[in-house]
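A closer look at the structure
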Amino acid sequence: MNRSLSLRDAALADMAGIRARHPTVFLPLPASRLGALLLCAAALGLLVFGLWRLDFSPARLVDGFAQLFHFLGLMIPPDPGTWSRTVLILKGLAETLAIALLGTLGAAILAFPLGFLAARNTSINRAVQFLSRRMLDGVRGIDALIWALIWVSVVGLGPFAGVLAILTSDIGTFGKLFSEAIEAADRKPVEGVTASGGGKLHGIRFGVLPAVLPVMAGHVLYMFESNTRSSTIIGIVGAGGIGLMLSEMIRTLEWNVVSFIVLLILVTVAVIDAMSGRLRAALAGARPA
Amino acid sequence: MATALTHLPDDRLSELLHGYRAASRGQRRRALILALTIAALVLLAGHVAEVDLGRLWQHGGAFFGYFDRVTMLESGAGRVWTDPAEWFWGWRKWSLLLADTLLIAYVGTALGAAGGFVLSFCAASNLVRNPWARGAARRFLEFCRTVPDIVFALIFVIAFGLGPLPGVLAIAIHSMGALGKLFSEVVENIDMKPMEGASAAGASWAAVVRYAVVPQVLPNFASYALLRFEVNVRQASVLGFVGAGGIGQDLIEAIRKFYYNDVAALLLLIILTVMLIDLGTERLRHRLIGAMEARA
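Keep in mind that this is a model prediction, so the values were computed, not measured.

**Here we look at the overall build of chain B**
- Counting its regular elements, chain B contains eleven helices and zero strands.
- In sequence order, the secondary structure elements of chain B are arranged as α-α-α-α-α-α-α-α-α-α-α.
- For a compact globule of 296 residues, the expected C-alpha radius of gyration is about 19 Å, and chain B comes in at 28 Å, more than 25% above that figure.
- Taking the principal axes of the C-alpha coordinates as reference, chain B spans close to 85 × 75 × 50 Å.

**So, the overall build of chain A**
- Across its full length, chain A carries twelve helices and zero strands.
- Mapped in sequence order, the helices and strands of chain A form the string α-α-α-α-α-α-α-α-α-α-α-α.
- Relative to its length of 289 residues, chain A is extended, with a C-alpha radius of gyration of 29 Å against a globular reference of 19 Å.
- Counting only C-alpha atoms and orienting by the principal axes, one finds that chain A spans roughly 85 × 70 × 40 Å.
- For chain A, with 289 residues in total, the buried portion stands at 38%.
- Considering only intrachain contacts with a sequence separation of at least 6, the fraction spanning at least 24 residues in chain A is 71%.

**Concerning the interface of chain B and chain A**
- On the side of chain A, 48 residues touch chain B, which itself brings 47 residues to the contact.
- Mapped by element, the contributors of at least two residues to the side of chain B that touches chain A are α1 (10-48), α2 (53-70), α4 (91-123), α6 (149-160), α7 (164-188), α9 (205-239), α10 (248-256) and α11 (260-295) of chain B.
- Of the residues forming the side of chain B that touches chain A, the biggest block, seven residues, is contributed by α6(B).

**Quick word on the UniProt feature "domain: ABC transmembrane type-1" (unreviewed entry) in chain A**
- Under the UniProt annotation, "domain: ABC transmembrane type-1" (unreviewed entry) lies at residues 93-276 of chain A.
- Each end of residues 93-276 of chain A is marked by a C-alpha atom, and these two atoms are 18 Å apart; helix forms 83% of the span and strand 0%.

**Observations concerning the nonpolar core**
- In terms of nonpolar packing, the biggest core is built from 145 residues, with A:Ala148, A:Trp151, A:Ala165, A:Ile234, A:Ile261 and B:Ala153 touching the most fellow members.
- Residues in contact with A:Ala165, not counting those within four places in the same chain, are A:Ala144, A:Trp147, A:Ala148, A:Trp151, A:Ile234 and A:Ala239.

**Side note on the domain arrangement of chain B**
Residues and elements named next belong to chain B.
- If you check the domain split of chain B, you get domain 1 (53-87) and domain 2 (88-295).
- The distance between the C-alpha centroids of domain 1 and domain 2 comes to 35 Å.
- The interface of domain 1 with domain 2 comprises nine residues on the first partner and seven residues on the second.
- Sorting the residues of the side of domain 1 that touches domain 2 by element identifies α2 and α3 (84-87) as the ones contributing at least two each.
- Among the elements that take part in the side of domain 1 that touches domain 2, α3 stands out by supplying three residues, more than any other.
- Grouping the amino acids of the side of domain 1 that touches domain 2 by side-chain chemistry returns five nonpolar, one polar and three charged.

**Some details on the confidence of the model for chain B**
- Mean pLDDT for chain B: 85, with 96% of residues reaching 70 or above.
- Taken over the whole predicted complex, pTM reads 0.80, whereas the ipTM for its chain interfaces reads 0.78.

**A closer look at the packing of helix α5 (residues 131-146) of chain B against α7(B)**
All names here are of chain B.
- Their axes nearest at 7 Å, the elements α5 and α7 cross at an angle of 125 degrees. The pairing of α5 with α7 is recorded here as oblique in orientation. Once α5 is placed against α7, the crossing between them reads as left-handed. Between α5, through Leu-141, Glu-142, Cys-144 and Arg-145, and α7, the contact on the second element is made entirely by Ile-173, His-174, Met-176, Gly-177, Ala-178, Gly-180 and Lys-181.
- Taken together, the residues of the contact of α5 with α7 break down into five nonpolar, three polar and three charged.

**A look at the UniProt feature "transmembrane region" (unreviewed entry) in chain A**
Residue and element names in this part refer to chain A.
- Using the residue numbers shown here, the UniProt feature "transmembrane region" (unreviewed entry) corresponds to residues 34-54, 97-119, 144-167, 204-224, 231-250 and 256-275.
- The span residues 34-54 carries 95% helix and 0% strand; its end-to-end C-alpha distance comes to 30 Å.
- The annotated region residues 256-275 carries 100% helix and 0% strand content, and the separation between its end C-alpha atoms amounts to 29 Å.

**Some thoughts on the UniProt feature "transmembrane region" (unreviewed entry) in chain B**
- As recorded in UniProt, the feature "transmembrane region" (unreviewed entry) lies at residues 31-49, 103-128, 149-173 and 258-277 of chain B.
- End-to-end, the C-alpha atoms of residues 103-128 of chain B are 35 Å apart, and along that stretch the chain is 81% helix and 0% strand.

**Things to note about the environment of B:Gln216**
Residues and elements named next belong to chain B.
- Along the chain, Gln-216 falls in helix α9.
- Sequence separation between Gln-216 and Gly-245 is 29 residues, and the spatial gap between their C-alpha atoms is 37 Å.
- Discounting chain neighbours no more than four positions away, the residues touching Gln-216 are Ile-190 and Asp-191.

**Some details on α2(B)**
- Between its first and last C-alpha, α2(B) extends 25 Å over 18 residues, near the 26 Å set by a 1.5 Å rise per residue.
- At B:His59, α2(B) shows its maximal bend, which comes to roughly 45 degrees.

**Description of the UniProt feature "domain: ABC transmembrane type-1" (unreviewed entry) in chain B**
- Under the present numbering, the feature "domain: ABC transmembrane type-1" (unreviewed entry) in UniProt falls on residues 98-281 of chain B.
- Span residues 98-281 of chain B is 83% helix and 0% strand, its end C-alpha atoms 18 Å apart.

**Concerning α1(B)**
Residue and element names in this part refer to chain B.
- The end-to-end C-alpha distance of α1 is 54 Å, a good match for the 57 Å that 39 residues give at a rise of 1.5 Å each.
- Of all the bends found along α1, the most pronounced is centred on Arg-25 and spans about 35 degrees.
- In the segment just after α1, Glu-50 is the residue with positive phi, at about 55 degrees.

**Observations regarding unusual backbone geometry**
- Cis rather than trans, the peptide bond between A:Ile76 and A:Pro77 has omega equal to 0 degrees.
- Residue placement: A:Pro77 occurs in the loop between α4 (58-74) and α5 (83-118).
- Phi is positive for B:Phe258, close to 60 degrees, though the residue is something other than glycine.
- Within the secondary structure, B:Phe258 is located in the loop between α10 and α11.

**With respect to the environment of B:Ala225**
- Turning to its location among the elements, B:Ala225 is positioned in helix α9.
- Setting aside anything within four residues of it in sequence, one finds B:Ala225 in contact with B:Thr109, B:Ala113 and B:Leu179.

**Some details on the confidence of the model for chain A**
- Looking at chain A as a whole, its pLDDT mean stands at 85, while 96% of the residues score no less than 70.
- Taken element by element, chain A is modelled with least confidence in helix α1 (residues 2-13) of chain A, mean pLDDT 72, and with most confidence in α5(A), mean pLDDT 91.

**Considerations on the packing of α6(B) against α7(B)**
Residues and elements named next belong to chain B.
- Where α6 meets α7, the axes come as close as 8 Å, and the angle between the chain directions of the two elements is 140 degrees. If you check the angle between α6 and α7, you find them oblique. The interaxial crossing formed by α6 with α7 has right-handed handedness. In contact with Asp-149, Phe-152, Ala-153, Phe-156, Val-157 and Phe-160 of α6, α7 contributes Leu-165, Pro-166, Gly-167, Leu-169, Ala-170, Ile-171, Ile-173 and His-174.
- For the contact of α6 with α7, the residue count by class is eleven nonpolar, two polar and one charged.

Definitions and cut-offs
- Residues numbered from 1 in each chain as written.
- Chains lettered and ligands numbered in written order.
- Predicted model: local features only at pLDDT ≥ 70, side-chain atom pairs only at ≥ 80, totals over all residues.
- Helix = DSSP H or I, 4+ residues; strand = E, 2+ residues; numbered from the N terminus.
- Rg over C-alpha atoms; globule rule 2.2 N^0.38 Å.
- Buried ≥ 20, exposed ≤ 12 C-beta atoms within 10 Å, placed from the backbone.
- Contact = placed C-beta atoms within 7 Å.
- UniProt positions renumbered as here; feature names shortened; annotations may be inferred.
- Core = buried A, V, L, I, M, F, W, Y, C linked by C-beta atoms within 7 Å.
- Domains from an automatic or database assignment.
- Nonpolar A, V, L, I, M, F, W, Y, C, P; charged D, E, K, R; others polar.
- pLDDT = per-residue confidence, 0-100.
- Axes fitted to C-alpha atoms, helices over the stretch in contact; angles between N-to-C directions.
- Parallel < 35°, antiparallel > 145°, perpendicular 65-115°, else oblique.
- Left-handed = near helix turned anticlockwise from the far one by under 90°.
- Expected span 1.5 Å × (residues − 1).
- Bend = angle between axes of the 7 residues up to and from the residue.

Okay, here's the thing in structure tokens:
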């Protein structure tokens, strides 16, 4: 204790000397700090401008939150109301799951060849690779909800449009994920196949495919999880699933039913997550090290 | 030099082949069962989702026809790109809407990241020992990220009225849930030594977080927030479908009222913006990661 105190006293006594020896430590604002501060100030300024531009008035916020808490009170207890409505809701849930399953599988199958075309090591040539990459990017840039609107105007209202919407928007995601998995694959098996006289297709079939298939299966399961979430909302634009019921109930202010549907979605998503998580863990374990 | 391939005797070969088949039989059977299960599920799902391949075959051409139609000028004078002035007649309004969309995504991400920042420290197992407080924070974050943002937007539109405000709040809440989880995972993986040092020197919980945790996690947090911003730009472009501001409002109107050229123009604008934002944030994140590695 005494020793540390005397150290401190000694340091304080020699303050001027320490300052002279380590000038940078005592600068009020080092240059790197100044840049970071300016960046923070700019970000904060943009935030304030955004709040102003997007009508964040305190009165509106207070009113809105009061209203929201009122709604929350009305949501208890969650209750589907009549039996026939419960059946409708469960049917919507089944549709949602069916949309997610079919959309994911269909997209995976269609994206499979595209992934190979978009990967640097398996594509036909640079131009094909570049074009397929950009096409996948374009498809991915459009949200599933927009695809749903377009498909609804092509095949009409109903869950089939939802399946096609999820399928289309996922082709982009899968193509990108698959091509990245293919590019990350080990080159040595391909070289082995080439050395023993195999052509390019043989190299892909026996050198690349066995390595990337488990990775792809993992991606498919993961996207199935994510699509269960997206297909719950796709019904908002009339493309089937539980979203139609949900948006209808919100618009007609049936808050008990809304909370029931939301709870149902939460439980379903949790169950699907748990199942696919176990499957993915099993896949990762089964993958040859 | 004469080379000769050594051939195994036939009975030995058949024995080996037999062994190989026996070994791979179990695996094959499992693959077959898996394939049959998936096929059955697909058939069931196809029935539930009213899949009608005949209808797709009939109208499938209409899908490509749609893109053919949206790129044809209303006057029938050729493709839209031959007359950009006519095609992008509303560019003033649209670029303003696009800027609003980006602003919605930005403000939503910023507010969500701030909320996730605070809650992530409450949800991290190495900072909060009380399992009840931790569990409550985690369940809350889970709820926020599982309910889709457009559902929040639907409810908020009724509570707050039409406009971008409910959209921002919906994005903020959903981002808070998603970022809070990622942030708390980062916090759980930090080096514990600076924390021990700070608390040994008598720092309070808040001071430990400020001086021992935040400097370690900030670059990772920023990287995740940028990634979320990317996602939110896409989300903000469709929030207008339910009346929550941004360019989606005009897009859904154009699709529903068959203003074909506007559909093409708006889709192109959205795709280009999303691509630009993706490229920009990717660059920024690479620089951040580079800075992190330089420091380490």
